[in-house]
Structures are given as structure tokens and as C-alpha cells.
Amino acid sequence: MKLNDAAAVQEQSLYEVQRRIYPRAVHGAFAAWRWALVWITQLVFYGGAWLTWNDRQAVLFDIAHRKFYLFGLVFWPQDIIYLTVLLIVSALALFLFTAVAGRLWCGYACPQTVYTEIFLWIERVIEGDRNARMRLDQEGLSSKKLLLKTAKHGVWLALALWTGITFVGYFTPIRSLVSSAPGAWETFWALFYGFATYGNAGWMREQVCKYMCPYARFQSAMFDRDTLIITYDPGRGEPRGKGAGKGDCIDCGICVQACPTGIDIRDGLQYECIGCAACIDGCDQVMEKLGRPKKLIRYSTTHAMEGKPTRLLRPRVLVYSAILAAITAAAAASLALRVPLKVDVIRDRAAIAREVEGGLIENVYRLQIMNTTERARAFEITVSGLPGIQVWGENTTGVPAAETRMVPVRVRVDAGTAPGSHPIEFTVRAHGVEGVAVREGAVFIVR
């Protein structure tokens, strides 16, 4: 029995019983910033799918037709390098902001934080403040409780479903998605992302940040003693309590109640802290009521808390900034100088080289011409690289807006050309548009 009792105690100590967190609503400068980011991000997300450009959806990732539209730009699969650059820039920006000011992304702009904030607001509107929600959950089942819970989850599900539809609307034109019966795949993904939003923001909440998000685990590798983080000032706040001889912290617990992940920032920096500053707003409200100076909990650095100077411009910040600026400038220059025309040359393997009338040698090619603009254009095809080489037949073709056309091209040279493989070059030039031309190499075979 003793061994079994000891094993039971040991097993019990290995697992933490999950406790429900009821974040307290607070008001202040940082809460205003969080809500400003909520409005900005959601206006961009929900509104961006409905913007039009050149009689089409302004932002559309048309995977079925392998074309990505971003306002006036049209990207093709060959432009995958820009996606790579975007991912690199995003990662470097995250590293830079984290090194300077901690988890700004997590606290203000991460979709998990944003939607949790929205779902919590809905919960407060329907069920009441923190204490009212706690009392409601502790009550037995009643008609009032059933009505409130049904209303809350109904609004959550409606918002989550519209979020899923909007997300799918960036891949399938949203107007056709909502005006006609969606296909099986559109329905599946709308329900999938709607369910994910409902589950993550409505049920899992802080569990995503604490256990599922990898950023929480490796953030400390990007912090140093000059990183701006949320800190508690123990020199001013301790010893806690009320009365003579006590510090400014009255141990009211507002900072813990306001924390969406349920931690106590007075215990020091913890990986669960998402940097949302709700504890700062809560503590400042208490300090204001007590007539004491604010910023008992504040954004600061470890060096500042130790009375040492903080260095903003330090090696890692300078390196991140320089690399980020260089890559961003290079990507912007590449987009500005991007030729709205792509050409691929494919040899016709059925007839590699043949002799035709007039004592000429002919090779046949297929040119895949991509018109990446949203205007139909005519293109002239020329060839160079051998004496007397020419395109035989029609050398002009039209390509519709944002379309691809495969054009067969016959190239001929004099039969007296030396046998072997000879490098040649095709030039495809847009009619009436200066500077829109692409040169592509190929090989002419003489037998």
C-alpha cells in the first residue's frame, strides 16, 4: 500500500490540472494599441478580399490557374523566388523586433491573440465581466445559463465560419463563393478554417501560446539584457501588502487576473508571457486609484532594472537591420525592374534537324510566351547567332492578358553551315512597348 500511495503521489506531481482562465478586462494605453491592431488587421483581412482591381479581385491566389494577383502585379509559378524573399524578410523582421522589444508580434498582431481578444469581447458582452462569468460557470444548468451559452457559441460560430469563408475567398473569388453553391473543396476548407478559429480562439486560447506555438519556446534565444520586455520592479513593489513599511504592490492580483495566459509577472519573465501588456494597464489603474506613481509594471530592460545603460544599437540589431534593409531594397528593385514577359524555349524532339527546300536546314522549337500584364499584347520573335539564320513564316503572335501561349517556331539556316550544335538566341519583343523584351538561349543542330 505504501508503494502504491507513493506512486500515486509521484504520478500526481507530474501533471498539472488544467485550470480555466478568466482574463479581466482592463483599459489603458496598451489596451488601446491592441484594439487598434485588432481593427487594422481585421479590416485588412475581411475587407481585402472584396477589393477590385482591373475588373477582378485585387488580391487573389488562383492556385487552380497558377496565377497570383496582388493589385497591379501578376505572379506566376516561375516567380517563386519572391515568396522565398517574403518569408526571409518576415523571419528577419521577427528576429529584429524580438531583439529590440520582445514579443511585440505575439502581444499585438498574432492571429491567435487578435481572435482571442475578439472572442473574449463577445464573451464579456453576452456573459458579463470576469466575476459574472466565473459565477455562471459554477452555477448548475438553468434556462438562463443555457440561453447565454447558446448565444455566445452561436456568435462565435458565425464569426468563425465567416472567417473561414473569407480565408477561402483569397483562393477562390469571394463574390462567386458567396453568390453560388461552393464546391466540395471550398466547403471543406471554409469549415476547416472556421472550426480552427472557433477551437483556437474560443476554447484553447492560452494553450496554443503555451504549448503549441514554437515561438514561445525559442524566444529566449533572441532576448538579451538590452531587450525591452515587460518587467516588475521589486525594489519599488516589495514587500507586498498594505500598510506602513510595505512597497507599492498591494498584492491585489489584478496583474494576474488581466493576464490572458494566467501567469504572475511578479515572478519574473516567463516563456508564457506574450508581451501584451495587459498587466501594465491593470497595475496602472490600481496605482492611479491609490495616488501612487504608475509603471510599477512596465516595459523595460534587464540592464535598466539593474541601473545600467541600455544599448539599442548593438551588434545583433545592426546585423538584422542591415540584412533586412538590403534584402528588402533588392526585392523592391527587382519588382520595379521586372520585365512583364517570360519566355521558355522547348525543342521539338520529333524533328531535331531536317533539310528542306532551297538547301536549308530547319530546326523546330516551341516558345512558351507568358504575358504577365493584364493587357493583350503582340510579340515579335527574332533569332540570332548564326549567319543568315531566320525565323521562317509568321514571326508575330498575340497573347491575351495574363495568359500563356505555346508558339511553334521554325528556324532555318543555309545548308553549308558546319555540322554540330550551335548556340543561338531568341528575342521576343513586345510591339509598341519600349524595354519589354526577353532573350533566351537555345541550340541549333546541323547534321
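What you see is a predicted model, and the numbers here were worked out from it, not measured in a lab.

Peer 1: Please explain the overall build of the protein as it appears in this structure.
Peer 2: Looking only at helices and strands, the protein has 16 helices and 16 strands in total. By the compact-globule yardstick of 22 Å for 447 residues, the protein is too spread out, its C-alpha radius of gyration being 32 Å. Projected onto its principal axes, the C-alpha positions of the protein cover 110 × 60 × 55 Å. When burial is assessed residue by residue, the protein has 43% of its 447 residues classed as buried. Of all intrachain contacts in the protein linking residues separated by at least 6 positions in sequence, the fraction that spans at least 24 positions is 69%.

Peer 1: I tried to follow a nonpolar patch on the surface on my own but got confused; where do I start?
Peer 2: Together, Leu51, Trp53, Leu70 and Phe71 make up an exposed nonpolar region whose accessible area comes to about 340 Å². Structurally, the position occupied by Leu70 is in strand 4 (residues 67–70).

Peer 1: Would you take a moment to explain the sheet that holds strand 4 for this structure?
Peer 2: Strand pairing in a sheet takes place through backbone hydrogen bonds and is either antiparallel or parallel in direction. Taking strand neighbours across the sheet as the criterion, the 3 strands line up as 3-4-5 in an open arrangement whose pairing is antiparallel. Strand pairing shows two members of the sheet lacking a second neighbour, strand 3 (59–62) and strand 5 (73–75), which therefore form its edges. The average angle at which neighbouring strand axes cross in this sheet is 15°, direction not considered.

Peer 1: Help me out: how do you make sense of the nonpolar core in this one?
Peer 2: If you look at soluble globular proteins, the nonpolar side chains tend to sit buried side by side. Residues Leu367, Ile369, Ile381, Ile424, Phe426 and Phe444 are the most contacted members of the largest nonpolar core, which totals 26 residues. Those elements that provide at least two residues to this core are strand 8 (341–347), strand 10 (360–371), strand 11 (377–384), strand 14 (403–414), strand 15 (420–430) and strand 16 (437–446). Apart from the residues lying within four places of it in its own chain, the contact partners of Ile369 are Leu341, Lys342, Phe379, Ile381, Thr397, Val399, Glu403, Thr404, Arg405, Val407 and Val428. Judged by nonpolar contacts, the second largest core, of 19 residues, contains Cys255, Cys259, Ile265 and Cys273.

Peer 1: Would you take a moment to explain the packing of aromatic side chains for this structure?
Peer 2: The description of an aromatic ring pair uses the distance of the two centres, along with the angle that the planes make with each other. One pass over the structure, following the stated rule, counts 19 aromatic pairs. For the ring pair Phe61 and Phe68, a centre distance of 5.5 Å and an interplane angle of 90° mean the geometry is edge-to-face. Its relative accessible area of 34% is what places Phe68 among the partly exposed residues. Centroid distance Phe167 to Phe171: 5.5 Å. Interplanar angle 50°. Geometry classified as tilted. Taking the relative accessible area as the measure of exposure, Phe167 reaches 29% and is therefore partly exposed. Overall, Phe171 belongs to the partly exposed group, its relative accessible area being 32%. By way of ring pairs, the aromatic residues Phe61, Phe68, Phe167, Phe171, Trp185, Phe188, Trp189, Phe192 and Tyr193 are connected into one cluster.

Peer 1: Honestly, unusual backbone geometry in this entry has me stumped. Any pointers?
Peer 2: As a rule of thumb, non-glycine residues mostly have phi less than zero, and peptide bonds are mostly trans rather than cis. In this model, Glu238 is joined to Pro239 through a cis peptide bond whose omega is -10°. Within the secondary structure layout, Pro239 lies in the loop between helix 12 (234–237) and helix 13 (254–258). Even without being glycine, Arg205 reaches a positive phi, approximately 45°. The residue Arg205 is located in the loop between helix 9 (184–204) and helix 10 (206–212) in this model. For Arg205, a relative accessible area of 6% corresponds to the buried category.

Peer 1: Please explain helix 3 (residues 80–101) as it appears in this structure.
Peer 2: Side chains that are three or four residues apart share a direction in an α-helix, a result of its 3.6 residues per turn. Over its 22 residues, helix 3 extends 32 Å from the first C-alpha to the last, a length consistent with the 32 Å expected when each residue adds 1.5 Å. For helix 3, the complete set of buried residues consists of Tyr82, Val85, Leu92, Ala93, Leu96, Thr98, Ala99 and Ala101.

Peer 1: I would appreciate a short explanation of the pattern of salt bridges in the present structure.
Peer 2: Note that side chains of opposite charge can pair when their charged atoms are close. In total, this model carries 29 salt bridges according to the counting rule given. A salt bridge links Asp233 to Arg298, with the nearest nitrogen and oxygen atoms 3.5 Å apart. Remark: Arg298 occurs in strand 7 (residues 297–300) and Asp233 occurs in the loop between strand 6 (229–232) and helix 12; sequence separation between them is 65 residues. Salt bridges linked by common partners bring Arg20, Glu123, Glu127, Arg133, Asp137, Lys149, Lys152 and Arg205 together as one network.

Peer 1: Whenever I open this one, the side chain of Lys210 confuses me. Can you help?
Peer 2: Inspection of the secondary structure puts Lys210 in helix 10. One buried charged residue, Lys210, remains without a salt bridge, the closest side chain of opposite sign being Glu272 at 5.2 Å. When residues no more than four places from it in sequence are discounted, the contact partners of Lys210 are Arg217, Thr261, Tyr271 and Glu272.

Peer 1: Just to check I follow, could you spell out the sheet that holds strand 15 for this structure?
Peer 2: Reading across the sheet, the 4 strands line up as 13-11-15-16 and stay open at both edges, with antiparallel pairing between neighbours. In the strand order of this sheet, the two ends are held by strand 13 (396–399) and strand 16, each with one partner. Going from strand to strand, the sheet's axes swing by 30° on average, the running direction of each strand aside. Bridging between strand 11 and strand 15 involves 6 bridges; their strand directions are antiparallel. Residue Ser384 lies in a different strand from strand 15, and its bridge partner there is Glu425.

Peer 1: Explanation requested: the state of the cysteines in the structure shown.
Peer 2: When the sulfur atoms of two cysteines share a covalent bond, that bond is a disulfide. Enumeration over the complete set of coordinates arrives at 0 disulfides. Free cysteine: Cys279, not disulfide-bonded; nearest cysteine sulfur from Cys273 at 6.3 Å. Not part of a disulfide, Cys283 finds its nearest cysteine sulfur in Cys255, a span of 6.6 Å. Cys283 sits in the buried class, given a relative accessible area of 9%.

Peer 1: Sorry if this is basic, but what is going on with the side chain of Asn371 here?
Peer 2: Along the chain, Asn371 falls in strand 10. Within polar-contact distance, the side chain of Asn371 engages the backbone oxygen of Arg375 at 2.8 Å. Within polar-contact distance, the side chain of Asn371 engages the backbone oxygen of Val399 at 3.3 Å. If sequence neighbours within four positions are ignored, Asn371 has contacts with Trp76, Pro340, Ala376, Arg377, Phe379, Val399, Pro400, Ala401, Ala402 and Glu403.

Reading guide: rules and limits
Residues numbered from 1 in each chain as written. Predicted model: local features only at pLDDT ≥ 70, side-chain atom pairs only at ≥ 80, totals over all residues. Heavy atoms only, no water. Helix = DSSP H or I, 4+ residues; strand = E, 2+ residues; numbered from the N terminus. Rg over C-alpha atoms; globule rule 2.2 N^0.38 Å. Buried < 20%, exposed > 50% of the residue type's maximum accessible area, 1.4 Å probe, protein only. Contact = heavy atoms within 4.5 Å. Patch = residues over 30% accessible without salt bridge, like charges linked within 9 Å, V, L, I, M, F, W, Y side chains within 5 Å. Areas by Shrake-Rupley, 256 points an atom, 1.4 Å probe, with all protein chains shown as cover. Salt bridge = Lys/Arg side-chain N within 4 Å of Asp/Glu carboxyl O. Pairing = 2+ DSSP bridges. Axes fitted to C-alpha atoms, helices over the stretch in contact; angles between N-to-C directions. Core = buried A, V, L, I, M, F, W, Y, C linked by side-chain atoms within 4.5 Å. Phe/Tyr/Trp six-rings, centres within 6.5 Å; stacked < 30°, edge-to-face > 60°. Expected span 1.5 Å × (residues − 1). Lys, Arg positive; Asp, Glu negative; His and termini not counted. Disulfide = S-S within 2.5 Å. Polar contact = N/O pair within 3.5 Å; in protein donor to acceptor, adjacent residues only side chain to side chain.

By themselves, these observations are geometric and do not establish any function.
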